[in-house]
Amino acid sequence: MGKKAAAVVVAVNGKRYEAAGVDPSTTLLEFLRTQTPVRGPKLGCGEGGCGACVVLISRYSPATDEVTEFSASSCLTLLRSVDRCSVTTSEGIGNTKDGYHPVQQRLSGFHASQCGFCTPGMCMSIFSELVKADRDAGRPAPPAGFSKLTASEAEKAVSGNLCRCTGYRPIVDACKSFAADVDLEDLGLNCFWKKGDQPADVSKLPGYSSGAVCTFPEFLKAEIKSSVDQAKGAPVAVSGDGWYHPKSIEELHRLFDSNWFDENSVKIVASNTGSGVYKDQDLYDKYIDIKGIPELSVINKTSKGVEIGAVVSISKAIEVFSDGNLVFRKIANHLNKVASPFVRNTATIGGNIIMAQRLPFESDIATILLAAGSTVTIQVASKRLSLTLEEFLQQPPCDFRTLLLSIFVPDWCSDGITLETFRAAPRPLGNAVSYINSAFLVRTSDDHLIKDISLAFGAYGVDHAIRARKVEDFLKGKSVSSCVILEAIRLLKETISPSEGTSHPEYRISLAVSFLFSFLSSLANNSNAPAKVDTPNGSCNNETTNGSTEYSPEKHLKVDINDLPIRSRQEMVFSDEYKPVGMPIKKAGAELQASGEAVYVDDIPAPTDCLYGAFIYSTHPHARVKGISFKPSVASQKVITIITAKDIPSGGENVGSGFMMLGDEALFADPVAEFAGQNIGVVIAETQRYAYMAAKQADIEYSTENLQPPILTIEDAIQHNSYFHTPPFLAPKPVGDLNQGMSEADHRILSAEVKLESQYYFYMETQVALAIPDEDNCITIYSSTQTAELTQSMVARCLGIPFHNVRVITRRVGGGFGGKAMKASHVACACAVAAFKLRRPVRMYLDRKTDMIITGGRHPMKAKYSVGFKSDGKITALHLDLGLNAGITPDLSPLLPGTIIGSLKKYNWGALAFDIKICKTNVSSKSMMRGPGEVQGSFIAEAIIEHVASALSVDTNTIRRKNLHDFESLAVFYGESAGDASTYSLVSIFDKLALSPDYQRRAAMVEHFNSTNKWKKQGISCIPITYEVRLRPTPGKVSIMNDGSIAVEVGGIEIGQGLWTKVKQMTAFGLGQLCPDGGECLLDKVRVIQTDSLSMIQGGFTGGSTTSENSCEAVRRSCAALVERLKPIKESLEANDGTGEWSSLIAKASMASVNLSAQAYWTPDPTFTSYLNYGAAISEVEVDILTGATTILQSDIVYDCGQSLNPAVDLGQVEGAFIQGVGFFTNEEHATNSDGMVIHDSTWTYKIPTVDTIPKQFNVELINSAPDKKRVLSSKASGEPPLLLASSVHCAMREAIRAARKEFSVCTGPANSALTFQMDVPATMPVVKELCGLDVVERYLESLVAAGPTIAKA
């Protein structure tokens, strides 16, 4: 009957592993990370949405003697499904011992790794694409050093991989360096040649040759061949391993009929990718893998059409459809936008269709195949049925015994057939669920009548895709005209009805209208067709917009704006004044990160007897917790114990975080849960997966008796006077006399508002800690934290022990952005309480959903303002009323009034007054996130400036320029932070961009574009920023070993910002006086070691953008002390033998008992504790009026970096911060439900920028303003300020929307004006579409119909 599950045999990086008795629910990722030395694949999301876990899987067919290779998400791939396969990870293609692979070396050399957590997955996505391209015999052989990959394919190689640090541009350049058709001169800053000075040549890149990595070892081939005969006839028996692999439908049905079969504890799988969408709610102890049933893998191509078996992968289906007629190629083109490459490689066509039939799954595939007239073959018991896909979808959800065998797509090869597919989603290249998808197939006659038509719509808030039958019937036999299209749209709006609770229902209906309008108007004979909408986010083909060209199906396949290549330019000044400081050397440890050998907290091998924890959190915003029980389930049996507030040791405090005198936050709810998402307890289990699953079984009993209703919003808090107070020393000061300023104004805007929502950190490594109890009431905590010192104090207070009993160690952090400052200590404290009680090591690595729910994020804000201004645009007074939602505890919120006003003051408001309320609400505490307060304050300033410009009907840049500070007013607003007049560079930066001929030319082109295009509008905007940073006391320690190698400790933590790299350079510079080359020879001798709270005390926190320079200055002073000690010995050596070689110097000093370790605690000069950073950016965007999709055509950043400590590192910070800001302003909805619980809690619902959403042309110039010796070697910060520049995208979108509103006379909003409107943050696709007008298509058609018989034109 089949093969009984035996031990799993898998080759990992060429080494054989055998796992007997393994839990059938074990994923490949769990196996790799717990049963092998491999640590490269990371758990980033657990749902196939981030790419951190990507590996290459290779299968061998003894029948054909061929190996097939494909990338896959190891977090979704079940270990049993890769039995007798070979798995290659990032360590397998290159490592420290065997040498690094060119992919790893080029990613490092192009400065494409920052925190490094995502880099191994990036490597494997790129490597997989290289393998795939180079195996294609049909492609021409590439020149030496290149691959067969094209530049376009290279850009898409990482389309499913997420990175929160780099902004993707350098990753794209590293990918494209392998493409034979790339112009190497177009690639960005790298370590292989100096741009501008040296020619780019492939010989300077790490050499690449295909086939250098063996992906399938010979021993495994031999093993497979020898086992083929033995496998024949082996029965499927009750397996102790719980994995069944039937080889026929009959075997499958016998399994169904077995007395042990229980549909609740048995899972039927083909690839298991569905678990990334619909998470398992319990553990399964038995699995049936149907992939071995031959009928399900069939691929039949005939003249009648294509039959594809249900377990054929989406990638394979794309291959099949690509090799067909135009209709099939259109299907393939759309399937390429489903999920991501490493998911498509394993996800099956049938699995997608079955999910669409059983569940409200937003399937693109079902919609496309429905329009194409597909049929399905299913088997129910012994009965085989053939149904249309429409009939199948309309049936009640099928049970587990219904087996989908295959899908048949007919061959529409006759003349007059057109198929168009549409989807609107936050990401053009896929990896994002559609707001709505549709596909239209039509047959027209020679006289352009519609003979037959199929209109399919899905994903708009219905159970499954549907055919718009009423619209189809109406259109049959008609020729297309404005009148016909208008009536079709009216009928469609009766058909498309999103179910209650669907987000953005009106937007989804308007998308359906837009898609049908685009399609039908394209069919209009001899008409000026409007833009075609056939790309993922609804963008249109430029060549058909407003054109008079007759419709051509072939033309409809042309590349659209989203497929434009990504280009970039970087300009910067290199200084060798403090060499090697100032050199663009690559990030320390970049290759280690790329190979996966860099150790993060979850990579530390589990200690003996290690247990694992997962939080149980409240789902109620304000309720008394009466008890915790567990549902009867397999997972609940895995619970070892629960840790709650009662387990905190006697003398300890229930505290999870706190900062100085601002207040504490409880570790556990006790006895009242004060917000949805508050930790109630920790489930402890034997493995992390068991802990995750057991936590889902928790059943919490609540009571709200005698409790006040929760306060959830800023408005609620204001109504109830629920506030935190800002200590006077943190409160910003008003400027000037508001009443006088208002009285001097010629015009006043008395009341207007703008709202900004929250943003989630989305660091790639979620919160994680490992607690190991030690002797004498001591404990060691490995924590992914930005604040080791704070974490130490919190753990000590929680356990009731002295600080010196707690050692917190942090080597590196997989992304922080402020989210691992306060929140990290909660996880550390929870681990510590559990470890202390159980006397066993305890590790907690939060799953992505839990992390997103409990960690807070950026502060939502609501600003109301009144502003007075002269007729020439000079602003005389501004009053700001601002409420910010702080959540349940103060956290660091009292710091925000100062940061908000600090960035708002970039303009001279004349007089400035404000009332800022820090609202206490029953939601998770909001905390600092990159540019906290500053990003909101800077944006509010721009909203006000744009409102003034709109009121005066003048160009916004005129108002911006008129209200920029001169140095005198700068000093009034910023005081001592203004520094010297010579350092005030903002005006010259702004003028360099806004007054440049290039800007004027582009602005004119935008105006021309908008006057000649109806359905797409462009916008361009230039915005300035001012950002105040503060210097902080920081420790540093430099120790020279007897062999001359150097160990350095600093208070700051490496979170991807290049701290270690700059510290290495500063160490070499600081000791350079002892070397003939100024210290360059010392770079390779320096190692920065991990943070240890007992070794380096008073480390402070890593944040505020100045940690690197503070640490560098502490190190420089330590080096100065060493130089002073070593100089006499060096002079003695030179006098005696004429040489002062480093190793000899250190050997001599060691023998002379010179102290070779020096520590400094640097404190800033009291007269210079802060300074201002300046920059400006132009962004140019294109908005699709029909869908609300925005494409960033170009962004140009000019940033004053001072005398950069490392231009490559600072460039990465500028680009990464900008793209993170783009996410905040455009796409990242951190939505909550009516209880304040975060509901955008996964990669499925929360969309950070991806490689396809960054600017198509991305230019950065780092300028070096006047030197200022008060700063650290005249350097300036780069980590946070550039994030504020992303508001240029939002402002450019506003300009494009304004053009659209003017075109269509849209006057929605409080101002009842086309030109003045409130545009909040984030400006997502639904927001943009609503501002452009949800009904513009209908209104346009009505105007045409009213004007007389005509056809639709754009």
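Keep in mind that this is a model prediction, so the values were computed, not measured.

Give me the lowdown on a nonpolar patch on the surface, citing residues and values where you can.
Taken together, the side chains of Met-660, Met-661 and Phe-729 define a hydrophobic patch exposed on the protein surface, amounting to about 420 Å² of accessible area. For Met-660, the position within the fold is in the loop between strand 23 (657–658) and strand 24 (664–665).

Before we move on, could you go through the environment of Ala-606 and cite the residues and values that matter?
Tracing the backbone through its elements, the reader meets Ala-606 in the loop between helix 18 (590–595) and strand 20 (611–617). Residue Ala-606 is classed as partly exposed on the basis of its relative accessible area, which comes to 41%. Between the C-alpha atoms of Ala-606 and Thr-34, which are 572 residues apart in sequence, the distance is 8.2 Å. Ignoring any residue separated from it by four or fewer positions in sequence, one finds Ala-606 in contact with Tyr-612 and Arg-843.

I'd like a rundown of helix 23 (residues 824–838), residues and numbers included.
Each α-helix winds once per 3.6 residues, and so residues spaced three or four apart point in a common direction. Counted at 1.5 Å a residue, the expected span for helix 23 with its 15 residues is 21 Å, and the 22 Å between its end C-alpha atoms agrees. The first or second residue beyond helix 23 is Arg-839, which carries a positive phi of 55 degrees.

How would you explain unusual backbone geometry if you had to name every residue and give the values?
The phi angle of most residues is negative, glycine excepted, and most peptide bonds adopt the trans form. Omega for the peptide link from Lys-579 to Pro-580 comes to 5 degrees, which places this bond in the cis form. Assignment of secondary structure puts Pro-580 in the loop between strand 19 (567–572) and helix 18. Note the cis peptide between Asp-670 and Pro-671, where omega equals -5 degrees. Positionally, Pro-671 belongs in the loop between strand 24 and strand 25 (672–673). Positive phi, normally seen in glycine, also occurs at Asn-272, with a value near 75 degrees. Assignment of secondary structure puts Asn-272 in the loop between strand 8 (266–269) and strand 9 (286–289).

Break down the sheet that holds strand 6 (residues 85–88) for me, citing the residues and quoting the values.
Sheet strands line up and pair through hydrogen bonds in the backbone, either parallel or antiparallel. Read across the open sheet, the five strands follow the order 3-2-6-4-5; overall the sheet is mixed. Of all the strands in the sheet, the pair left with one neighbour each is strand 3 (15–19) and strand 5 (66–73). On average, each strand axis in the sheet is tilted by 30 degrees relative to the strand beside it, whichever way the strands run. In this fold helix 4 (residues 119–134) packs onto strand 4 (54–61), strand 5 and strand 6, with an angle of close to 35 degrees to the strand it touches most, strand 4.

Please provide a residue-by-residue account of the side chain of Lys-1256, values included.
Relative to the helices and strands, Lys-1256 resides in the loop between helix 34 (1207–1226) and strand 45 (1257–1263). One buried charged residue, Lys-1256, remains without a salt bridge, the closest side chain of opposite sign being Glu-155 at 5.9 Å. Within the structure, the side chain of Lys-1256 is placed 2.8 Å from the backbone oxygen of Asn-562, a separation counted as a polar contact.

Just give me the short version of empty space enclosed by the protein, but keep the residues and values in it.
Evaluation of the coordinates by the stated rule reveals 14 cavities of 30 Å³ or more. Its boundaries defined by the atoms lining it, the largest cavity holds a volume of some 280 Å³. What lines the largest cavity is a set of 25 residues, among which Pro-426, Thr-1190, Thr-1226, Asn-1227 and Thr-1253 lie closest to the centre. Those elements giving two or more residues to the lining of the largest cavity turn out to be strand 44 (1190–1200), helix 34 and helix 36 (1325–1332). Looking at the lining of the largest cavity residue by residue, the classes come out as 12 nonpolar, 10 polar and three charged.

How would you explain a negative patch on the surface if you had to name every residue and give the values?
A grouping of Asp-262, Glu-263, Asp-285 and Asp-399 is seen on the molecular surface, where their side chains present a negatively charged patch. Structurally, the position occupied by Asp-262 is in the loop between helix 8 (249–256) and strand 8. On the basis of relative accessible area, Asp-262 is assigned to the partly exposed category, the value being 35%.

Hey, could you go over the environment of Trp-1162 for me, with residue numbers and the actual values?
Among the structural elements, Trp-1162 can be located in strand 42 (residues 1157–1162). Residue classification places Trp-1162 among the buried residues on the basis of a relative accessible area of 7%. For the pair formed by Trp-1162 and Ala-1114, sequence separation is 48 residues and the distance between their alpha carbons is 5.1 Å. The residues touching Trp-1162, leaving out its near neighbours within four places in the chain, are Leu-1031, Arg-1032, Pro-1033, Thr-1034, Asn-1110, Glu-1113, Ala-1114 and Arg-1117.

Pulling in residues and values, what's your account of the side chain of Thr-1253?
Inspection of the secondary structure assignment puts Thr-1253 in the loop between helix 34 and strand 45. Exposure remark for Thr-1253: the relative accessible area of 18% places this residue in the buried category. Among the polar contacts made by the side chain of Thr-1253, one reaches the main-chain carbonyl oxygen of Thr-1250 at a distance of 2.8 Å. Thr-1253 has contacts with Pro-426, Arg-427, Pro-428 and Ile-1192, leaving out every residue within four places of it along the chain.

I'd like a description of the confidence of the model for the chain, backed by residues and values.
For the chain, the mean per-residue pLDDT works out to 94, and 96% of the residues sit at or above 70. For the stretch residues 1–5, pLDDT sits under 50, and the model shows 23 contacts to residues farther than four places along the chain or on other chains. Note that pLDDT drops below 50 for residues 526–558; the model gives that stretch 113 contacts with residues more than four away or on any other chain.

For the sheet that holds strand 42, give the residues involved together with the corresponding values.
If you trace the four strands from one edge of the open sheet to the other, you get 40-39-38-42, paired in mixed fashion. Both outer strands of the open sheet, strand 40 (1086–1088) and strand 42, are each paired with one neighbouring strand and no more. Each strand of the sheet is rotated relative to its neighbour by a mean of 15 degrees, with strand direction disregarded. Pairing of strand 39 (residues 1046–1050) with strand 40, which is carried by three bridges, proceeds in the parallel orientation. Bridged to Ala-1047 within strand 40 is Arg-1087. Against the sheet, helix 32 (residues 1107–1137) engages strand 38 (1034–1040), strand 39 and strand 42, with an angle of about 140 degrees to strand 42.

So, the pairing of strand 17 (residues 450–458): which residues are in play, and what are the values?
Of all nine residues making up strand 17, seven are buried, and the element is well covered by its neighbours. Relative to strand 17, strand 16 (residues 436–444) runs antiparallel, the two sharing eight bridges. Across the sheet, residue Leu-441 finds its bridge partner in strand 17, namely Ser-454. The antiparallel pairing of strand 16 with strand 17 creates a hairpin that spans five residues between the two strands, and His-448 there sits at a positive phi of about 70 degrees. In terms of strand pairing, strand 17 meets strand 18 (residues 466–467) through two bridges, oriented antiparallel.

So, the packing of helix 22 (residues 788–799) against helix 23: which residues are in play, and what are the values?
Look at helix 22 against helix 23: their axes get within 9 Å of each other, and the N-to-C directions meet at 40 degrees. Relative to helix 23, the element helix 22 is oriented oblique. Considering the relative orientation of helix 22 and helix 23, their crossing is right-handed. Each of Thr-791, Met-794, Val-795, Cys-798 and Leu-799 in helix 22 lies in contact with helix 23, whose residues at this interface are Ser-825, Ala-828, Cys-829, Ala-832, Val-833 and Phe-836. Taken together, the residues that form the contact of helix 22 with helix 23 break down as nine nonpolar, two polar and no charged.

Account for the pattern of salt bridges, naming residues and giving values.
It is possible for side chains of opposite charge to pair when their charged atoms get near one another. Taken as a whole and judged by the stated rule, the model has 73 salt bridges. A salt bridge links Lys-1016 to Glu-1182; the shortest N-O distance between them is 2.7 Å. Taken as a pair, Lys-1016 in strand 37 (residues 1016–1030) and Glu-1182 in strand 43 (residues 1170–1184) lie far apart in primary sequence, 166 residues in all. Here the two residues Lys-1016 and Glu-1182 agree in accessibility, since each one is buried. Linking Glu-1303 and Lys-1017 is a salt bridge whose minimum nitrogen-to-oxygen distance equals 2.6 Å.

Account for the packing of helix 3 (residues 102–109) against helix 4, with residues named and values stated.
With their axes 10 Å apart at the nearest point, helix 3 and helix 4 run at an angle of 125 degrees to one another. For the element pair helix 3 / helix 4, the angle class is oblique. For the pair helix 3 and helix 4, the crossing hand works out as right-handed. Contacts from Val-103, Gln-104 and Leu-107 in helix 3 reach Thr-119, Cys-123, Ile-126 and Leu-130 in helix 4. For the contact of helix 3 with helix 4, the per-class residue count stands at five nonpolar, two polar and no charged.

Criteria and thresholds
- Residues numbered from 1 in each chain as written.
- Predicted model: local features only at pLDDT ≥ 70, side-chain atom pairs only at ≥ 80, totals over all residues.
- Heavy atoms only, no water.
- Patch = residues over 30% accessible without salt bridge, like charges linked within 9 Å, V, L, I, M, F, W, Y side chains within 5 Å.
- Areas by Shrake-Rupley, 256 points an atom, 1.4 Å probe, with all protein chains shown as cover.
- Salt bridge = Lys/Arg side-chain N within 4 Å of Asp/Glu carboxyl O.
- Helix = DSSP H or I, 4+ residues; strand = E, 2+ residues; numbered from the N terminus.
- Buried < 20%, exposed > 50% of the residue type's maximum accessible area, 1.4 Å probe, protein only.
- Contact = heavy atoms within 4.5 Å.
- Expected span 1.5 Å × (residues − 1).
- Pairing = 2+ DSSP bridges.
- Axes fitted to C-alpha atoms, helices over the stretch in contact; angles between N-to-C directions.
- Lys, Arg positive; Asp, Glu negative; His and termini not counted.
- Polar contact = N/O pair within 3.5 Å; in protein donor to acceptor, adjacent residues only side chain to side chain.
- 1 Å grid on protein atoms, 1.4 Å probe; cavity = no way out; pocket = protein on both sides within 12 Å on 5 of 7 lines; lining within 4 Å.
- Points joined across faces, edges and corners; volume = space filled by probe spheres on them.
- Nonpolar A, V, L, I, M, F, W, Y, C, P; charged D, E, K, R; others polar.
- Charge placed at Lys NZ, Arg CZ, Asp CG, Glu CD.
- pLDDT = per-residue confidence, 0-100.
- Parallel < 35°, antiparallel > 145°, perpendicular 65-115°, else oblique.
- Left-handed = near helix turned anticlockwise from the far one by under 90°.

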